[in-house]
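# Summary of the model geometry
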Amino acid sequence: MRIALLAVACMPGFGASCESLGGLALPDTTITLAETAGNVNDLPPFCRVAATLRPSSDSDIRMEVWLPVAGWNGKYQAVGNGGWAGSINSAAMAQALRRGYATSSTDTGHAGGGASFALGHPEKLIDYAYRSEHEMTVKAKAMIAAFYGSGPKISYWNGCSAGGKQALKEAQRYPADFDGIIAGSPAHNWTGRAEAAVWIAQAMHKDPASYIPPEKYRAIHDAAVDACDAVDGLKDGLVDDPTRCRFDPKVLECKGADGPACLTGPQVEAARRIYAGAMNPRTKQQVVPGLEPGSELGWATMAGPQPLSIASEHFKYVVFKDPAWDYRKLNFGGDMALTEKVDSGLIDALDPDLRGFFGHGGKLVQYHGWNDWQIPPRMSVNYYQSVLETLGGAGKVRDSYRLFMAPGMGHCGGSEGPNTFDMLSAMEQWVEQGKAPDKVMASHMRDGKVDRSRPLCPYPQVAKYKGSGSIDEAGNFVCAAPR
Ligand SMILES: [Ca+2]
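The structure reproduced in this document is the subject of the present report.

The rules behind the values
Residues numbered from 1 in each chain as written. Predicted model: local features only at pLDDT ≥ 70, side-chain atom pairs only at ≥ 80, totals over all residues. Heavy atoms only, no water. Helix = DSSP H or I, 4+ residues; strand = E, 2+ residues; numbered from the N terminus. Rg over C-alpha atoms; globule rule 2.2 N^0.38 Å. Buried < 20%, exposed > 50% of the residue type's maximum accessible area, 1.4 Å probe, protein only. Contact = heavy atoms within 4.5 Å. Areas by Shrake-Rupley, 256 points an atom, 1.4 Å probe, with all protein chains shown as cover. Lys, Arg positive; Asp, Glu negative; His and termini not counted. Charge placed at Lys NZ, Arg CZ, Asp CG, Glu CD. Expected span 1.5 Å × (residues − 1). Bend = angle between axes of the 7 residues up to and from the residue. Salt bridge = Lys/Arg side-chain N within 4 Å of Asp/Glu carboxyl O. Donors = N, O, S within 2.8 Å, 3.2 Å for Na, K, Ca; no water. Phe/Tyr/Trp six-rings, centres within 6.5 Å; stacked < 30°, edge-to-face > 60°. Axes fitted to C-alpha atoms, helices over the stretch in contact; angles between N-to-C directions. Parallel < 35°, antiparallel > 145°, perpendicular 65-115°, else oblique. Pairing = 2+ DSSP bridges.

### Some thoughts on the overall build of the protein chain
Check the secondary structure of the protein chain and you find 14 helices and 14 strands. A compact globule built from 483 residues should have a C-alpha radius of gyration of about 23 Å, and the protein chain, at 23 Å, falls within 12% of that. Projected onto the principal axes, the alpha-carbon positions of the protein chain cover approximately 75 × 60 × 45 Å. When the 483 residues of the protein chain are sorted by exposure, 56% land in the buried category. A separation threshold of at least 6 residues defines the contact pool for the protein chain, and within that pool the share at least 24 residues apart is 67%. As displayed, the protein chain offers around 19500 Å² of accessible surface, 52% of which is attributable to carbon and sulfur atoms. With 48 positive and 52 negative side-chain charges, the protein chain shows a spacing of 3 Å between the two charge centroids.

### Description of helix α3 (residues 122–148)
The terminal C-alpha atoms of α3, which comprises 27 residues, lie 37 Å apart, in line with the 39 Å expected from a rise of 1.5 Å per residue. The largest bend along α3 reaches roughly 65° and is located at Y128. Along α3, 20 of the 27 residues are buried, which leaves the element largely enclosed by surrounding structure. At the C-terminal side of α3, G149 shows a positive phi close to 90°.

### Here's the deal with the pattern of salt bridges
Within this structure, the stated rule accounts for 25 salt bridges. With a closest N to O distance of 3.7 Å, D60 and R54 form a salt bridge. Assessed through its relative accessible area of 23%, D60 is described here as partly exposed. Taken together, the shared-partner salt bridges in this structure form one network comprising K75, R99, D422, E428 and E432.

### Regarding the coordination of the calcium ion
Ideal values for angles at a metal depend on the geometry: 109.5 degrees with four tetrahedral donors, 90 or 180 degrees with six octahedral donors. At the metal site, the calcium ion is ligated by D229 (O), D229 (OD), D232 (OD), D232 (OD), L234 (O), D236 (OD) and L238 (O), and these contacts range over 2.3 to 2.6 Å. We note that the donor set of the calcium ion lies within a single chain, spaced as D-x2-D-x1-L-x1-D-x1-L. Residue class for D229 comes out buried when judged on its relative accessible area of 4%.

### Notes on unusual backbone geometry
Cis geometry is found at the peptide bond from Y459 to P460, where omega equals 5°. Its location among the elements puts P460 in the loop between β12 (449–456) and β13 (462–465). Even without being a glycine, S185 presents a positive backbone phi close to 30°. Relative to the elements of secondary structure, S185 occurs in the loop between β7 (180–184) and α5 (190–205). The exposure class assigned to S185 is buried, which follows from its relative accessible area of 0%. With phi around 50°, K321 is a residue other than glycine that occupies positive phi space. Examined against the element boundaries, K321 turns out to sit in the loop between α9 (309–319) and α10 (336–343).

### Observations concerning the packing of aromatic side chains
In total, this model carries 26 aromatic pairs according to the counting rule given. Seen from their ring centres, F358 and Y401 are 6.3 Å apart, and the 40° between their planes marks the pair as tilted. Remark: Y401 occurs in strand β9 (residues 401–406) and F358 occurs in helix α11 (residues 355–359); sequence separation between them is 43 residues. Like Y401, F358 is buried. With a centroid separation of 6.5 Å and 55° between ring planes, the pair formed by Y383 and Y401 is classed as tilted. In this pair, Y383 is assigned in helix α12 (residues 378–391) and Y401 in strand β9, connecting sequence segments 18 residues apart.

### Structural notes on the packing of α5 against helix α7 (residues 265–276)
Two numbers describe how α5 lies on α7: the axes approach to 9 Å, and their chain directions differ by 175°. The orientation of α5 relative to α7 falls into the category roughly antiparallel. Contacts between α5 and α7 involve W199, I200, A203 and M204 from the former and A270, R273 and I274 from the latter.

### Some words on the pairing of β9
Among the six residues in β9, six count as buried, and that is most of the element. What you see with β9 is no split at all: Y401, L403 and M405 on one side and R402, F404 and A406 on the other are buried throughout. As judged from the six bridges shared by strand β8 (residues 363–369) and β9, these two strands associate in the parallel manner. Within β9, the position partnered with L364 by the bridge is Y401.

Right, dumping it as structure tokens:
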């Protein structure tokens, strides 16, 4: 009987026709499109709803909701953005739709990927920081309820990078919005990441001799992995936890003529600064962590000819409100107070008190690649630790929150470690079946074929080799405490 009722509830038209959603009245909302879309990029037919939200007089938040016409799984998945957002994430929505989800995305309140929108528009910055995501979620749930005749049974957030920041912000600020939240490679320490990026750019361009050309990344990478690989007990080309290894790029200092296989003295110093992280020149205290040994093949992202634009735009348009601001001027002593004060928890998603989210049974899964070259991975460990400290230790948090640090993975994927995994299925099992993720299978592909599989383990556990069989097969590893 229960199954029959569910089947009826999921039938299209039980609530309203797609086109009739155009007349749905919701606060601060103008519905701009409601039409059945089908055979678009081989997607199953769906009801496509677009809307503009104006929770403040300066708000102009675009959002879309895609509702499966048949086979709705009864659930909602909101998807996150990257960088400064500025567009609907249709690719991620398509993935959610293919799995039977009703899904939504927002441009976060402005068009285009930079931060110039924020200049003179504090309300738009609030929309980007957190309001658009929450407003979108509330409106999407209402549209789902109108279309199907009942709202989603379960709601998930799924995002990476800025989408990981949005994930943690939702857990912190709007704990009732979601049942499960996936925070991938999060930029939750938004100001800290901006500082890290400018620190690296300054290190590279302190003087022309400091700059490390990309053709040297390979040599630095090989030396770093060589120095750190065996620290975890297994020579497999991966570093389980790079924070346990001290790699000094001085081992690469040129003995003779300069070339791609060695570093000049100033380049050694620049590389040291990348690993060390930003430092207050007066107190010598670390301001933010650096990149880890293993990240070198992606250094072009932050150590290229220009600083990471996501970071420099933050200083130009949010902190100093000066489009002509020069990153070389940033002072890691005196300017940090203003940088922190301007944000004061606006974009930053660092509040460690997740009791509201955990209190109603919410589950949080966070992941981060140790080779991440765009967001220092220690920022994820630091946040995780701050939650443990606030809530009374691992035992209080284990049933609600797990962090997976992926050895050898880059930013939201990529690089040489196992970097392909289905975190959504792990989350579904946790929320819907009560089965917590004790490990998550991950694989690495080469030329379209899996050449290595390995479990990702809940931090601080690592994948430990059982001692026999292929080191490229997950079955020969168990999650255990690091040695
Ligand atoms: Ca290793």
